[in-house]
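# Summary of structural features
Spelled out, the chains give:
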Amino acid sequence: MHDAITEELFRNAISAIGDEMVLTIYRTAYSGVLKNIMDYSAALCDGQGRLVAQGLSLPGHLCSIPVALQAVLKAYGDDVAEGDIFINNDPYDGGMHLPDIFIFKPLFAEGKVIAYAATICHHTDVGGRVPGSNASDSLEIYAEGLRIPPLKLYEKGRPNPTLFRMIERNVRLPGRVFGDIRSQLAACEIAARGMADLVGRYGADGVRSLMVAMMDYSERLTRQCLLELPDGEATFTDWIDDDQIDVGVPIPLVCTIRKRGDTMEVDWTGSAPQVKGSINNTLSYTAAMSFTAVKSVLSVNMPNNDGVFRPIKVIAPPGTITHGKLPAACAARGLTGFRGVDCAFGALAKLYPDRVFASSDGGNTGLTIGGYDKELNPFIYVDFISGAWGGRPWADGLDGNTCMFANMASFSVEVIEAENPLEVLDYEFVPDTGGAGKFRGGMSQRKTWRMLADEGVLQVRADRQTHRPYGLYGGGPGAPGLNVMNPGTASETKLHAKITMTLRKGEVFRHELPGAGAWGPALERDLALVARDLRDGLVTIEAAARDYGVVASGDPPAIDESATEVLRARLKAERPPLPDVAWEPAA
């Protein structure tokens, strides 16, 4: 047993190692998807492969690291030596989707494995039929790129030349991929040095027992937080527009939350069978979206580790979109993961209305433009465009903020243009797109690109053109998403939410994210908040009158309070009664 002060010092020390691993990748990565968007995570696991400390990174990777590491341990058993480094990206052997490559380094003390350094990075390309390896319309895993089962990238300190050559010949940008792998290796080396310092301070047995204490601490906190919540059960259904293959066929996501005592169950039974398109989840990603949703309603932000998982049971029947079976395609599984968080929030909102915000924009949009220049040199631009949070029971949703499941950054326009044959024409908020409510949803963003190369493949993973982000407790839904080719010209064409197509020189593509849903009735919105949005250009004078019953005029707009009182009274009489439970979208 250790005293509370020692345990607290250890928790902060080992968590700092995780953060330093994250910063190492940020400072040394080659690709924009890592150094600009920050689509990666780092963590430390104990010798049994249990998550102990996760760095400042993505909630979406919350459960994937220990699942992938367990696949490595199952494959190699006791065949683990100092200098070994493992690699894995197989969604059907511990991974999530092929661009996410795991690197694990066993850390030794006194001749025995004491911990594992773990990193996961979204790589620019891992081969397959589409540049970026992230298309929504692949029909099976075999079309999506190079599957790497649990293997030794290094054995006793020596690189595996066969595996390195295999990777090099199967990816479009091997220099960038190997540069990012070296970034992961550097982060693992930072972890090795940090763990050596901890062993020097506490001893090997002391570190082992302190890691167990840290996980037990998180479990106690999680159970105590669950005890604070009322028991109950609620089910919510949300709908993905389609999978790009069966166009126009809605795909149900069904989440049932059961809370009993100090445990909670997140059950995805009733969700659609796995689909033809590549938006199928692996079980680890469904678990991560479930843990993220539950953790967000708990009163304490306990350390992310194995202890958090123990009181929360996740049910996802095999063969469904929440737990795909081989050979289901899963490159674009991020879409289902983001939407799964919103679906779980819908169920949680019925149980705990004062803790849950309305639907986000539906998660970030994934976009890739890739091709070859005149000398046949490849280029690949990967972007994840993050949007908005839904209205909260106490405040507006956030504008221009990443989905909480992603925690990604915005790609610098200057860097996009410097590294790719593209011109970014605009990147801005779209007025009147956030759901109208007492606390409005976050506003949509618009981004427009012009193609400068002769041609390339445009791939877009998006949704919410048909099934808009839901509002809660009288709040309105957010605006639908939009894809447009050559906007403002005679050839302007509206496109499907999910796209794989050729983009030619001079063509312009525009994407608008959905707006987020609102919380509470719009006619109850404080006039000062409407005035602020009018002043900031987020709400127009016309929408203020239509949605909020607010009469304004002038530049800058000024509110006529007397006329507003009259208009609001009329709209309250005309509008139908608002639901007192979560608004649930229909198919």
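Owing to the predicted nature of the structure, the values given are computational and were not obtained by experimental measurement. (Residues numbered from 1 in each chain as written. Predicted model: local features only at pLDDT ≥ 70, side-chain atom pairs only at ≥ 80, totals over all residues. Heavy atoms only, no water.)

## Some remarks on the pattern of salt bridges
Side chains carrying opposite charge are able to pair once their charged atoms draw close together. Taken as a whole, this structure holds 44 salt bridges when the rule is applied. The salt bridge partner of Glu-233 is Arg-258, with a shortest N-O separation of 3.6 Å. Of this pair, Glu-233 sits in strand β8 (residues 232-240) while Arg-258 sits in strand β9 (residues 251-260); the two residues are 25 residues apart in sequence, bridging distant segments of the chain. Arg-258 gets classed as partly exposed once you look at its relative accessible area, which sits at 24%. The network of salt bridges with shared partners includes Asp-216, Glu-219, Arg-223, Asp-262, Asp-306 and Arg-310. (Salt bridge = Lys/Arg side-chain N within 4 Å of Asp/Glu carboxyl O. Helix = DSSP H or I, 4+ residues; strand = E, 2+ residues; numbered from the N terminus. Buried < 20%, exposed > 50% of the residue type's maximum accessible area, 1.4 Å probe, protein only.)

## Focus on helix α12 (residues 541-548)
When α12 is considered as a whole, its buried residues turn out to be Ala-543, Ala-544 and Tyr-548. One side of α12 carries all its buried residues, which in axial view fall inside an arc of 105°. Just downstream of α12 lies Gly-549, where phi reads positive at about 65°. (Arc of directions from axis to C-beta.)

## Side note on the domain arrangement of the chain
Taken domain by domain, the chain consists of domain 1 (4-221) and domain 2 (357-524 + 579-583). Computed over C-alpha atoms only, the centres of domain 1 and domain 2 are separated by 30 Å. With 25 residues of domain 1 at the contact, the number on the domain 2 side is 24 residues. Across the domain 1 to domain 2 interface the summed buried area is about 2000 Å²; carbon plus sulfur atoms make up 63%. Considering only the surface of domain 1 that becomes buried against domain 2, Asn-36, Ile-37 and Pro-131 emerge as the three largest contributors, covering 29% of it. Scanning the region where domain 1 abuts domain 2 turns up one salt bridge. (Domains from an automatic or database assignment. Contact = heavy atoms within 4.5 Å. Buried area = accessible area lost by both parts, 1.4 Å probe.)

## Quick look at the sheet that holds strand β13 (residues 378-385)
Hydrogen bonds along the backbone pair up the strands of a sheet, which may run parallel or antiparallel. Pairing within the open sheet is antiparallel, and its four strands lie in the order β13-β12-β16-β19. Since the sheet does not close on itself, it has two edges, and those belong to β13 and β19 (499-504), each with one partner. Direction aside, the axes of adjacent strands within the sheet are offset by 20° on average. The pairing of strand β16 (residues 455-461) with β19 spans six bridges and is antiparallel. Bridging from a neighbouring strand, Val-460 pairs with Ile-499 of β19. (Pairing = 2+ DSSP bridges. Axes fitted to C-alpha atoms, helices over the stretch in contact; angles between N-to-C directions.)

## What about the state of the cysteines?
For the coordinates displayed, the defined rule picks out zero disulfides. With no disulfide partner, Cys-121 has as its closest neighbouring cysteine sulfur the one in Cys-188, 9.3 Å distant. Using a relative accessible area of 0% as the deciding quantity, one classes Cys-121 as buried. For the unlinked cysteine Cys-403, the closest cysteine sulfur is that of Cys-343, found at 13 Å. The buried category is assigned to Cys-403, whose relative accessible area is 4%. (Disulfide = S-S within 2.5 Å.)

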